[in-house]
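Okay, here's what each chain looks like letter by letter:
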Amino acid sequence: MFPIHRPRRLRSHPQLRRMVRETVVSTNDLIYPLFAVPGEGVAQEVTSMPGVYQLSVDKIVEEAKEVYDLGIPAIILFGIPDTKDVEATGAWHDCGIVQKATTAVKEAIPDLVVVVDTCLCEYTSHGHCGYLEVGDLTGRVLNDPTLELLKKTAVSQAQAGADVIAPSGMMDGFVTAIREGLDAADFTDIPILSYAAKYASAYYGPFRDAADSAPQFGDRRTYQMDPSNSREALKEIDLDIAEGADMLMVKPALAYMDIICRVKEATNLPVAAYNVSGEYSMVKAAALNGWIDEQRVVLETMTSFKRSGADLILTYHAKDVARWLEKVNAIF
């Protein structure tokens, strides 16, 4: 008449719950995104992303020091240049904003890992991730010519001191092209974190405010993945692994935890999940209105990413998570 098995026994005490917890989030899992802009003393909050700022290089260094002091091992840098053109010059120029920020951070905090986003959309005048045919108004990027731009960009970023190259443009063959470029420039030890399964998602909206990277026409569905597809993600990761990727990313994360799980099951490489801007802003908006407990919701979300298979989490919540983890012994 009574249960033989009583799983509640192992939930009866906070310390006991800690002892049998299967998934644990740590600051070691976190990568904090930062947006670099020209100027000095600039800290402009992104309207659609409360608590996230566009920062000049001097402010980037201050923020990076805070990140390091919180025990977060890495940042990822995005750049917004002074001017944009069809050649994406700001992406690969030695004096590009990301190159300047990378060098400044590595000089100030050498032990902080600097990941750099290797893409072109912030730097092109049309907002797409590479070359377009003259007169094209659909956003169909020319794949193979764009690979040469990405190769040039990655080498420039490595020369500036980047620790990890993270190509995000979803061009076919971009890992091979970048690996060849890095190796030819004697950067054989620089790893590639490939945005291997990046979906054409509506969750990117606030990021495009932060990075000033919205397409001027068309959309990115001819190169980013269809949100309806999961088998295609496995094809993409297989290709990137064969081309020499060292780590793989799934983006977005919250609505794609099934993809994170499938990718993790399919490979022994480290898997990163990008907790993107729209996911962040929804939580922030609800928290600011008093509708949710921000700390509990964020920590539960981070735990879910890890439980689904993510080894690394790129998140705008990273600093808050690090502070909360210091204070909280039990996540729930």
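A brief structural summary. None of these values were measured; they are calculated from a predicted model.

A tally of helices and strands in the protein chain yields 12 helices and 10 strands. Since a compact globule built from 332 residues should have a radius of gyration of about 20 Å, the 20 Å found for the protein chain is in line with a globular shape. Seen through its principal axes, the protein chain has C-alpha atoms that stretch 75 × 45 × 40 Å. For the protein chain, buried positions account for 52% of its 332 residues. When the accessible area of the protein chain is evaluated, it comes to approximately 15100 Å², of which 50% is carbon and sulfur surface.

The next thing to look at is the pairing of strand S8 (residues 247-251). By the criterion of burial, S8 is predominantly enclosed, with 5 of the 5 residues buried. Sheet topology note: the strand S7 (residues 193-198)/S8 ladder contains 4 bridges and is parallel. Following the sheet pairing, Ala 197 is matched in S8 by Val 250. One ladder, built from 3 bridges, connects S8 with strand S9 (residues 271-275); its direction is parallel. Its bridge partner being in S9, Val 250 is matched across the sheet by Ala 273. Regarding topology, helix H9 (residues 257-266) serves as the crossover connection from S8 to the parallel S9, and that connection is right-handed.

A few words on the pattern of salt bridges. Two side chains of opposite charge can pair, provided their charged atoms sit close to one another. For the structure shown, the criterion picks out 13 salt bridges. A salt bridge links Glu 66 to Lys 319, with the shortest nitrogen-to-oxygen separation between them at 3.5 Å. In this pair, Glu 66 is assigned in helix H2 (residues 57-69) and Lys 319 in helix H12 (residues 318-327), connecting sequence segments 253 residues apart. In this structure, Lys 284 engages Glu 294 in a salt bridge whose closest nitrogen and oxygen atoms are separated by 2.9 Å. Taken together, the residues span a long stretch of sequence, with Lys 284 in helix H10 (residues 277-288) and Glu 294 in helix H11 (residues 294-308) at a distance of 10 residues. As far as burial versus exposure is concerned, Lys 284 and Glu 294 are alike and both buried. Salt bridges here are not isolated pairs; linked through shared partners, they connect Glu 63, Glu 66, Lys 284, Glu 294, Lys 319, Asp 320 and Arg 323.

This part takes up a positive patch on the surface. Together, Arg 6, Arg 8, Arg 9 and Arg 11 line one region of the surface with positive charge. Mapping Arg 8 onto the fold places it in the segment before helix H1 (14-19). Overall, Arg 8 belongs to the exposed group, its relative accessible area being 67%.

Using the criterion set out here, one finds 6 aromatic pairs in the structure. Taking 5.4 Å as the distance between ring centres and 25 degrees as the angle between the ring planes, the aromatic pair formed by Phe 35 and Phe 78 counts as stacked. With a gap of 43 residues between them, Phe 35 in strand S1 (residues 30-36) and Phe 78 in strand S4 (residues 74-79) connect regions that are remote in the sequence. There is no split in this pair, since Phe 35 and Phe 78 are both buried. When the ring of Tyr 274 is compared with that of Tyr 316, the centres are 6.1 Å apart and the planes differ by 45 degrees; the resulting orientation is tilted. Note that Tyr 274 is positioned in strand S9 and Tyr 316 in the loop between strand S10 (312-315) and H12, a separation of 42 residues in sequence. Just as Tyr 274 is buried, Tyr 316 falls in that class too.

With that out of the way, let us pick up H9. Looking only at H9, the buried set comprises Ile 259, Ile 260 and Val 263. One face of H9 carries all of its buried residues, which in axial projection span an arc of 100 degrees. On its buried side, H9 packs onto helix H8 (231-243), S8, S9 and H11.

Below, the discussion takes up unusual backbone geometry. Among all residues save glycine, negative phi is the norm, and among peptide bonds the norm is trans. Here the bond from Lys 251 into Pro 252 is cis, since omega is -5 degrees, no more than 30 degrees from zero. The backbone of Ala 88 sits at a positive phi, close to 55 degrees, despite the residue not being glycine. With respect to the helices, strands and loops of the structure, Ala 88 is situated in the loop between S4 and helix H3 (89-92). The backbone phi angle of Met 170 is positive, close to 60 degrees, even though this residue is not glycine.

If you look at the biggest cluster of nonpolar residues, it comprises 77 residues, and the most contacted ones within it are Ile 60, Ile 75, Leu 77, Val 105, Ile 165 and Leu 182. In this view, Leu 77 contacts Leu 34, Ile 60, Val 98, Ala 101, Thr 102, Val 114, Val 115, Val 116 and Asp 117; residues no more than four positions away in its chain are not counted. Judged by nonpolar contacts, the second largest core, of 27 residues, contains Phe 78, Ile 80, Val 115 and Tyr 274.

Next up on the list: the packing of H9 against H11. Between H9 and H11, the least distance of the axes is 8 Å, while the angle of their chain directions is 35 degrees. Along the contact surface, H9 presents Met 257, Ile 260 and Cys 261, while H11 presents Ser 304, Phe 305 and Ser 308. Looking at the contact of H9 with H11 residue by residue, the classes come out as 4 nonpolar, 2 polar and no charged.

We now examine the side chain of Lys 106. Looking at the secondary structure, you find Lys 106 in helix H4 (residues 97-108). Within the structure, the side chain of Lys 106 is placed 2.7 Å from the backbone oxygen of Pro 110, a separation counted as a polar contact. The contacts of Lys 106, once residues within four sequence positions are left out, are Leu 112, Val 114, Gly 161 and Asp 163.

Calculation notes
- Numbers given to residues run from 1 along each chain, matching the order in which its sequence is written.
- Given that this is a predicted model, residues contribute local features only at a pLDDT of at least 70 and side-chain atom pairs are listed and counted only at 80 or more, while totals for whole chains, interfaces and linings are drawn from all residues.
- No hydrogens and no water enter the side-chain calculation; it runs on all heavy atoms of the structure.
- Secondary structure elements follow DSSP: runs of H or I of four or more residues count as helices, runs of E of two or more count as strands, with numbering from the N terminus.
- In this setup the radius of gyration rests on C-alpha atoms only. A globule is expected at 2.2 Å times the number of residues raised to 0.38.
- Burial status follows relative accessibility: with a 1.4 Å probe on protein chains alone, a residue under 20% of its type maximum counts as buried, one over 50% as exposed, and anything between as partly exposed.
- Each accessible area is a Shrake-Rupley result for a 1.4 Å probe, and residues are judged covered by the shown protein chains and nothing else.
- Strand pairing is defined by DSSP finding a minimum of two bridges between the two strands.
- Handedness of a crossover is defined as follows: with both strands directed away from the viewer, a clockwise route from the first strand across the helix to the second makes it right-handed.
- Basic side-chain nitrogens of Lys or Arg form a salt bridge, by our definition, when they fall within 4 Å of a carboxyl oxygen of Asp or Glu.
- Each patch is assembled from residues with relative accessible area greater than 30% and no salt bridge, linking like charges that lie within 9 Å and nonpolar side chains (Val, Leu, Ile, Met, Phe, Trp, Tyr) that lie within 5 Å.
- We score Asp and Glu as negative and Lys and Arg as positive, and we do not count His or the chain ends.
- We put the charge of a Lys on NZ, of an Arg on CZ, of an Asp on CG and of a Glu on CD.
- Classification of ring pairs rests on two measures: the distance between centres of Phe, Tyr or Trp rings, Trp counted by its six-membered ring, which must be within 6.5 Å, and the angle between planes, read as stacked under 30 degrees, edge-to-face over 60 and tilted in between.
- The directions from the helix axis to the C-beta atoms are what the arc is built from.
- In this description, contact between two residues means that some pair of their heavy atoms is separated by no more than 4.5 Å.
- Buried residues of nine kinds, namely Ala, Val, Leu, Ile, Met, Phe, Trp, Tyr and Cys, make up a nonpolar core once their side-chain atoms join them within 4.5 Å.
- For every element, the axis is a line fit to its C-alpha atoms; helices are fit only across the contacting stretch, and the angle between N-to-C directions ranges from 0 to 180 degrees.
- Residue classes follow a fixed rule: Ala, Val, Leu, Ile, Met, Phe, Trp, Tyr, Cys and Pro count as nonpolar, while Asp, Glu, Lys and Arg count as charged, and any other residue, Gly among them, counts as polar.
- By the criterion applied in these results, polar contacts are pairs of N or O atoms within 3.5 Å in which, for protein atoms, one can donate a hydrogen and the other can accept it, and in which residues neighboring in sequence qualify only through two side-chain atoms.

Limitation: the analysis is restricted to geometry and does not speak to function.
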